[in-house]
Structure formats: structure tokens, C-alpha cells
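# An overview of the molecular structure
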There are 2 protein chains.
Amino acid sequence: MQKNYVNYGNCSVGKPGSTLEITGARFNLSPMSDDFKSIILGAIKQVDLSKVWAETDHISTVYRGKEEAVFDALKAAFLYAYKEGVHMTLESTISKGCPGDTDSDYTLELDDPRVNQAETEAIDFPVIGKFALYPMGSDNYMATIAKVVNEGIDRGVVTGSGHYGTNLGGSAQDVFDYLEYVSHTVGSEVSHYISQFTLHCNVPEGDI
Amino acid sequence: MQKNYVNYGNCSVGKPGSTLEITGARFNLSPMSDDFKSIILGAIKQVDLSKVWAETDHISTVYRGKEEAVFDALKAAFLYAYKEGVHMTLESTISKGCPGDTDSDYTLELDDPRVNQAETEAIDFPVIGKFALYPMGSDNYMATIAKVVNEGIDRGVVTGSGHYGTNLGGSAQDVFDYLEYVSHTVGSEVSHYISQFTLHCNVPEGDI
């Protein structure tokens, strides 16, 4: 059997594999309900994908395109999956500038990237969660992280920090605005970054 | 109101904040069932935590300690949460060597770190998922990633790759063994790494 080994020989740190400034999100929605399948598929089918490249398989969903378009579509998928009383987790990786990336699988419509905004702006609910930021190939990455964390404290959506992550809390809309600010800020300072976050809604109260 | 801004002034790349080689996992179990609460809490209460420092809050659970002990406890939490027919996702961050880490909140029992092994080794089931590896502050990080991905291809647990991640598949035990190999290998080559993975069990079949 032939094995398709990987070889990243053409990759160089600091040189994004895509020259087109493609931002990507790979995410999972996990509604903790017996109806999870219809909730997930219903939400991802409701998102207007005209401004992103999208692919869903059994492992996760990927959106690729302009930064504003990717955040607009990702936020829409999460908001559309919200059901009153249903505990749900969104886990997402945001990435830009990977040396292994390529100029493929994208949509880069320059006009009106926030095509879901009009329908989603009225949907809002409390979330808690966490995020971690990985600016790659940069020697000054802790300073970059501190800058965006402090902005989150000013906005009131960074609620603390723990091992391996910074805690988030607030309205879904405010937290998404902040996460987009994080990507935008870090993406303009380092050539390759990853932002990893987890958001929960309808979290059961009480002791654990 | 006083704001507790962060300042990572004492952190230096390549100098782990902890001198004790502490490995950590921050994870979420998401059983997609109306019984999610009892499944999650039942599993995390069943894990023998005598060899790790552990903390669960409403956002996630953290284990810290010796690498073998952390993987042993994390695997146990996932295996104990398995219920026949219940689709579940485990999302976990593994990290070691963060410049912002400290020599606190850990257990480093040197004898018998795999204290859950005897009870968990008989539990196994198919999983699919993905992982991504972030060796920080290293200029040669793509070579490190290629090395461990190719080992996964040899083991048969790396099933492909996509944007922002490498796909995993196989038995839960084999995939966990591989993820521990990844951490161990990368942890001995770079001073700070993060491994981020998502595993699914009981994935619905059919078209999406």
C-alpha cells in the first residue's frame, strides 16, 4: 500500500502559503440534545455561504475567505443553532497565514462580506467560554497576546484567565465582535496566527 | 472599578514558566444527548485524579501533572463518558512549556502515573477527529509537524489532512496512544508547544 507521507519542504516561516490573505475557520457545533443532528444541519444550511468557500464533512465544517466574511458566516452558524434551553458548545479554530496554506478553496468577494448580518443581528444570548492565541514564528508573541487580552478586559468580555486559556463572557454578539478584533489585530502584526476558542450557551447552573 | 490588566513582562520565549516539566490538558466533553449533564459529571467523577492536579468549572476541566498522568486521566474521562449510541465530542488543548506558566497547580507523583490504565484498557470504540500542532517560538516548526504526521500515517491513525488540521481515525485507544506520542515527541524538541484535538464517537452515518 502506498502511503501518502507529508512533506512541507516548500514552507517557510513568515511566508504565508496563500498570497491572498485568506482567513479560515474550522469549527464544530455540539448541541447537547437528542435533536443534535437536526439542530446542526438546520443551522449550517441556513447560513448564506455566498461570500465564503465552505465544506462540511463528518469531522467539522470549514469556511475560507475574507476575514469579515468568515466571521459573519461562523457567527451565523452559531446563532442559528441556538435553541432556548439547549446547552451547546461551539469550538472553532481561526487561522491565517499558514506556510502550508495554498491559494485554493476560497471565495474572496470584496463587496458586502457580511451577508448574514441583517438576519443575525437580532439574535443574541449570553455565552461563556475561553480562547487561546498562537502567533506562530514570532519571538514577541506574549506581548501580542497581552495587548488583545487587555482590550478584552476593557470591553468587559474577558472575564479572567486560567491555565491554557483566557476566559470569555458576555453576549454572543459582543464576544464575536471581540474575537474578530483579536484576529484582525494579530493578523496584521504576525504572518501566521491561530486563534482557538470555545463558547457555551445555556450552561446549567449550580455546583459541579 | 479596577481592571486587572495582564502583563507578561517576565515571560521569555524558549524559557518555560514552569521548571517542572508540567504538561496540562484543558478539555470539554460534549455528549449530544438530553442526559449530557449526568454523562459529563459521571465520567469526570469516575476518573482517579490522584496523579494529576484537576479543576472543573462551568467552562472546562483542567488536568496538570506529568505527561503520562495527564494523558491517562484525559483518556479515562473520555472513555468513561462513552455511552452506546450517544454521539459525543471531546475537544482538548494539550500544552507544555508556556512562558506564562508557573510552578503551581500541579501534582507530580513519579510512581505509577497511569493510575487509570487498568480500568480503562478494556474500553474501546471507533473515533474520528482532527488535530493541529503548534510548536511555539520555533523557526523549524513545519518540519516537526511533518515528522509526527508521518508517524501517524505509519500507525494508520492519520487518515488525511484538510485545512487547519490533520484528520484522525481509528480506535480510541490507538488514537490516544498516538496523541501522547505527538506530545512526547514535540515536547522533547521544542520548549513550548500546543496540541489541539477534537475526537468524535458514534458519528451519524449518511450524507450531510
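For the structure, see preceding data.
Everything in this summary refers to the structure shown in the same document. Since the model is a prediction, treat every value here as computed from it, not as a measurement. (Residues numbered from 1 in each chain as written. Chains lettered and ligands numbered in written order. Predicted model: local features only at pLDDT ≥ 70, side-chain atom pairs only at ≥ 80, totals over all residues. Heavy atoms only, no water.)

This next bit is on the pattern of salt bridges. Per the counting criterion, the structure on display carries 12 salt bridges over all chains. A salt bridge links K130(B) to E91(A), with the shortest nitrogen-to-oxygen separation between them at 3.3 Å. Within this pair, whereas K130(B) is found in strand β5 (residues 126-135), its partner E91(A) is found in strand β4 (residues 88-96), the two belonging to separate chains. Comparing K130(B) with E91(A), the two get one shared label, buried. (Salt bridge = Lys/Arg side-chain N within 4 Å of Asp/Glu carboxyl O. Helix = DSSP H or I, 4+ residues; strand = E, 2+ residues; numbered from the N terminus. Buried < 20%, exposed > 50% of the residue type's maximum accessible area, 1.4 Å probe, protein only.)

Quick look at the side chain of K51(A) now. Residues and elements named next belong to chain A. Within the fold, K51 resides in the loop between α1 (36-46) and β2 (53-56). Taking relative accessible area as the criterion, K51 reaches 12% and is therefore assigned buried. Side-chain polar atoms of K51 contact the backbone oxygen of D111, separated by 3.1 Å. Apart from residues no more than four positions distant in its own chain, K51 is found in contact with A69, T107, E109, D111, D112, P113 and V115. (Polar contact = N/O pair within 3.5 Å; in protein donor to acceptor, adjacent residues only side chain to side chain. Contact = heavy atoms within 4.5 Å.)

Okay, the interface of chain B and chain A next. Every contact between the two is made by 73 residues of chain B and, on the other side, 74 residues of chain A. Regarding the contact of chain B and chain A, the summed buried area is about 6,300 Å², with carbon and sulfur atoms giving 64% of it. Sorting the residues of chain B by area buried against chain A places H163(B), Y164(B) and I208(B) first, and these three jointly supply 14% of that buried surface. For the interface between chain B and chain A, the tally reads 23 residue pairs in polar contact (both at pLDDT 80 or more). Along the lines of polarity and charge, the residues of the side of chain B that touches chain A split into 32 nonpolar, 27 polar and 14 charged. (Buried area = accessible area lost by both parts, 1.4 Å probe. Nonpolar A, V, L, I, M, F, W, Y, C, P; charged D, E, K, R; others polar.)

What follows concerns the sheet that holds β5(B). Each strand in a sheet pairs with its neighbour through backbone hydrogen bonds, running either in the same direction (parallel) or in the opposite one (antiparallel). All names here are of chain B. Here we have 8 strands laid out as an open sheet, ordered β2-β3-β1-β4-β8-β5-β7-β6, and antiparallel in their pairing. This sheet does not close on itself; its edge strands, each paired only once, are β2 (53-56) and β6 (158-162). When the angles between neighbouring strand axes are averaged without regard to direction, this sheet yields 20°. Bridging between β6 and strand β7 (residues 165-171) involves 4 bridges; their strand directions are antiparallel. The residue of β7 that forms the bridge with G160 is N167. In this fold helix α2 (residues 67-81) packs onto β1 (23-31), β3 (61-65), β4 (88-96), β5 and β8 (193-201), with an angle of close to 5° to the strand it touches most, β1. Relative to β5, helix α4 (residues 141-155) is tilted by about 160°, and along the sheet it contacts β5, β6 and β7. (Pairing = 2+ DSSP bridges. Axes fitted to C-alpha atoms, helices over the stretch in contact; angles between N-to-C directions.)

Let us now look at the relation of the copies chain B and chain A. The two copies are related by a screw motion: chain B maps onto chain A through a turn of 180° and a shift of 0.0 Å along the axis, at an RMSD of 0.0 Å. Expressed as an axis order, the relation between the two copies is that of a two-fold axis. When the interface residues of chain B are mapped onto chain A, 100% of them are again interface residues, pointing to one common binding face. (Least-squares fit on C-alpha atoms with pLDDT ≥ 70 in both.)

This next bit is on the packing of aromatic side chains. All names here are of chain A. Considering all chains together, one arrives at 15 aromatic pairs over all chains under this definition. By way of ring pairs, the aromatic residues F78, Y82, F125, F176 and F197 are connected into one cluster. The ring of Y181 has R155 lying over it, and the distance from NZ or CZ to the ring centre is 4.7 Å. (Phe/Tyr/Trp six-rings, centres within 6.5 Å; stacked < 30°, edge-to-face > 60°. Lys NZ or Arg CZ within 6 Å of the ring centre and 35° of its normal.)

Next up on the list: unusual backbone geometry. Residues and elements named next belong to chain A. Of note in this structure, N202 is not a glycine but carries a positive phi near 50°. Considering the arrangement of structural elements, one finds N202 in the segment after β8 (193-201). Since its relative accessible area comes to 26%, N202 is described here as partly exposed.

Residues and elements named next belong to chain A. The 8 strands lie next to each other as β2-β3-β1-β4-β8-β5-β7-β6, forming an open sheet whose pairing is antiparallel. Looking along the sheet, the strands with just one partner apiece sit at the ends: β2 and β6 (158-162). Pairwise comparison of adjacent strand axes, ignoring direction, gives a mean angle of 20° for this sheet. Taken together, the 9 bridges between strand β1 (residues 23-31) and β4 define a ladder with antiparallel strand orientation. Opposite P31, over in β4, you have M88 as the bridge partner.

This brings us to the environment of S30(A). Considering the arrangement of structural elements, one finds S30(A) in strand β1. As for S30(A) and T89(A), which are separated by 59 residues in sequence, their C-alpha atoms are 5.1 Å apart. The residues contacting S30(A), other than those within four sequence positions of it, are H87(A), M88(A), T89(A), S30(B), M32(B) and T89(B).

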